[in-house]
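An overview of the molecular structure
Each chain, letter by letter, is given below.
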Amino acid sequence: MKEIVRKFLNSIYFIILINGLGLIFWYIKQPIYSYISYLLAFILVIIFNARRIVVVSLILNGLIGYRVVSTPEFEKLYKTNLIVFTTLTIICVAIVTYDLFFRRKVKFNLKNKIFLGWVVLAVGNLLSIVNATKNTLLMIVMGFLQIIAFLIIFIFIDHLKDETSDDYFSQSAIITGISITIQIFIHLLKEPDSYQALFYSLGWGNRNTISIMYMCLIPLVFYPYFKDQRKIYGIIFSGVFFVMTLLMLSRGAYLTIALLFIPFMVLSFRYINDKKKYIKDMLFTIIIGISLAAAIIFGLDKQQYFYDHIASKIKNIFYSADRLKLIKIGFNVFKKYPIFGGGSFTGAYYLQVLNESHVATYHNYIIHALATTGLVGFGSFSYYLYSIFYNLRTRHKFNFCVFFVMLVLLIHGLFDNTFYNPLFMIFLSILLPMIKTKEEAQQLINEND
């Protein structure tokens, strides 16, 4: 019995089950049940000694399972969920601490530059506390503790990965992308006019956030095909998620695609094993993508809106009055606190409280880093990025895919909230440990599998 449960927890069917439950709880707007199921699944993983990398599927689904509860009638439920969620978090931290340091007796890998990058980033955020006020002190503490939480997740995954963890991550990425797509279809079937709304939200993210998540998943979904071209589903789902990204009508996504699509195609073609098969599979994927896009656009009878809106987005790709206002506010905060910034996690205070804005970040990671943590914090953030790209030097097909994920976050992050957004920072916490080191890379990217 124990072996049967362990095999199930290690299988793709467990990932499907977790995502299925996540979709159900997302649909009924009860995210707390999702997190309870994640905790129970995590406990089962520990009890039955399953592969700890299974945690990746729990975290990925958790990223898209949160449902915003902001209406007055749900205020009481939101407070209740917060209490339960905090309790679950404390339990999870206790389990992780026990499993890491008492059961497995792991030690910090001080030679890992990305680990040091997280530490330096945390220090930069902590130092911003020197400019705390009675209104921002709690926010700064929360911002620092967030970075510590990201670091703990990174350490946990880094010490639990194995030689097939990259494949498991890709499987989880595919199913996560499918879950997002199902959420979109459900939302559009319930509220077909919402596609025309400016604020198109699935609860855990709006158009921009959804498009960024899709683009982060696409290279990882492509990886199974990149590694083994018999796994044609990798390139097909990459194409499907690419089309869904285009349908989100995000100017940041369009710019990112414009800058990265050709380099990705050229380099992947260079390093792919069977180039003729790649061309055939790509043409097949393009046909599927066009058919899907046409079915959605014409099915919703939004073709004119789509044409007009996409033209407007492309025309004004570098200009947005709202974005410029946020950048101006952030730069003013930086001028007031140039060394250590106004404080980690204080975007909500300076934007919402003082300027009555509806957003809590500066929608540009450079301005956000400078405004919240100053030159010192920007330096620590720069080292964090350096540590990631330093480890990506190892030539491996998975590293190639992660490299483009980072480029997505860097480019789109100039127009929206990528870095410092908990959604994507947690995503990086579980992705970065998968980067192949020289010792782990059993093949070079330009060699046959």
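Computed from a predicted model, the values in this text were never measured in an experiment. (Residues numbered from 1 in each chain as written. Predicted model: local features only at pLDDT ≥ 70, side-chain atom pairs only at ≥ 80, totals over all residues. Heavy atoms only, no water.)

1. Observations regarding the environment of isoleucine 327
Using the following cut-off: Numbering of helices and strands runs from the N terminus; a helix is a DSSP stretch of H or I covering at least four residues, while a strand is a stretch of E covering at least two. Contact between two residues is taken to exist if any of their heavy atoms lie within 4.5 Å; hydrogens are not considered.
Mapped onto the elements of the fold, isoleucine 327 is located in helix H14 (residues 321-336). Considered as a pair, isoleucine 327 and tyrosine 362 are 35 residues apart in the sequence and their alpha carbons are 6.0 Å apart. Here isoleucine 327 is in contact with Tyr362, Asn364 and Ile367, once residues within four sequence places are set aside.

2. Focus on the confidence of the model for the chain
Selection criterion: As a per-residue measure, pLDDT tells how confident the predictor is, with possible values from 0 to 100.
When pLDDT is averaged across the chain, the result is 85; 85% of the residues are at 70 or more. Every residue in residues 70-75 is under pLDDT 50, and counting partners more than four places away or in other chains gives 1 contact. The model gives residues 443-449 a pLDDT under 50, and that stretch makes 22 contacts with residues more than four places away or in other chains.

3. What to know about the nonpolar core
A general trend in soluble globular proteins is that nonpolar side chains are found buried together. Definition in use: For this analysis, a nonpolar core means a set of buried residues of the types Ala, Val, Leu, Ile, Met, Phe, Trp, Tyr and Cys, connected via side-chain atoms within 4.5 Å. When accessible area is computed with a 1.4 Å probe and restricted to protein chains, residues below 20% of their type maximum are described as buried, those above 50% as exposed, and intermediate ones as partly exposed.
Ranked by internal contacts, the top residues of the largest apolar core, which has 117 residues, are Trp118, Leu220, Tyr384, Phe419, Phe427 and Leu432. Counting 12 residues, the second largest nonpolar core, distinct from the first, contains Met139, Tyr337, Leu351 and Ile367.

4. Points about helix H7 (residues 137-158)
Threshold: Here the expected span of a helix is defined as 1.5 Å times the quantity of residues minus one.
The end-to-end C-alpha distance of H7 is 32 Å, a good match for the 32 Å that 22 residues give at a rise of 1.5 Å each. Residues Met139, Ile140, Gly143, Ile147, Phe150, Leu151, Phe154, Ile155, Phe156, Ile157 and Asp158 constitute the buried set of H7.

5. As for the pattern of salt bridges
Condition: One speaks of a salt bridge when a side-chain nitrogen belonging to Lys or Arg is within 4 Å of a carboxyl oxygen belonging to Asp or Glu.
With the rule as written, the count across this model stands at 7 salt bridges. The closest approach of N and O atoms between glutamate 3 and arginine 6, which form a salt bridge, is 2.2 Å. Here glutamate 3 and its partner arginine 6 are both found in helix H1 (residues 2-10), 3 residues apart, which amounts to about one turn of the helix. Notably, a salt bridge pairs arginine 51 with aspartate 162, separated by 3.1 Å at the nearest N-O pair. One end of the pair, arginine 51, is in the loop between helix H3 (31-47) and helix H4 (55-63); the other, aspartate 162, is in the loop between H7 and helix H8 (165-190), and 111 residues separate them in sequence. Look at arginine 51 and you get partly exposed, because its relative accessible area is 24%.

6. Some remarks on a nonpolar patch on the surface
Applied cut-off: Surface patches are defined over residues having more than 30% relative accessible area and no salt bridge, joining like charges when they lie within 9 Å and nonpolar side chains (Val, Leu, Ile, Met, Phe, Trp, Tyr) when within 5 Å. Where accessible areas are quoted, they stem from the Shrake-Rupley method and a 1.4 Å probe; at the residue level, only the protein chains shown are allowed to cover.
On the surface, a cluster of nonpolar side chains totalling about 800 Å² of accessible area is made up of Ile24, Tyr27, Ile28, Tyr33, Ile36, Leu40, Ile43, Leu44 and Ile47. Of all the elements in the fold, those that place two or more residues in the nonpolar patch are helix H2 (12-27) and H3. Among the elements that take part in the nonpolar patch, H3 stands out by supplying 6 residues, more than any other. Mapped onto the fold, tyrosine 27 is located in helix H2. Tyrosine 27 gets classed as partly exposed once you look at its relative accessible area, which sits at 43%.

7. Digging into the packing of aromatic side chains
The line we're drawing: Ring pairs shown here join Phe, Tyr and Trp side chains whose ring centres sit within 6.5 Å, with only the six-membered ring taken for Trp; geometry is labelled stacked below 30 degrees between planes, edge-to-face above 60, and tilted in between.
By the definition in use, this model includes 34 aromatic pairs. Taking the centre distance of 5.1 Å and the plane angle of 80 degrees together, the rings of tyrosine 349 and tyrosine 350 count as edge-to-face. By relative accessible area, tyrosine 350 is classed as buried at 8%. When the ring of tyrosine 383 is compared with that of tyrosine 386, the centres are 5.8 Å apart and the planes differ by 45 degrees; the resulting orientation is tilted. Of the two residues, tyrosine 383 and tyrosine 386 are both situated in helix H16 (residues 365-391); the distance of 3 residues between them amounts to about one turn of the helix. According to the relative accessible area criterion, tyrosine 383 is partly exposed, its value standing at 26%. In this structure tyrosine 386 comes out as partly exposed when scored by relative accessible area, which is 41%.

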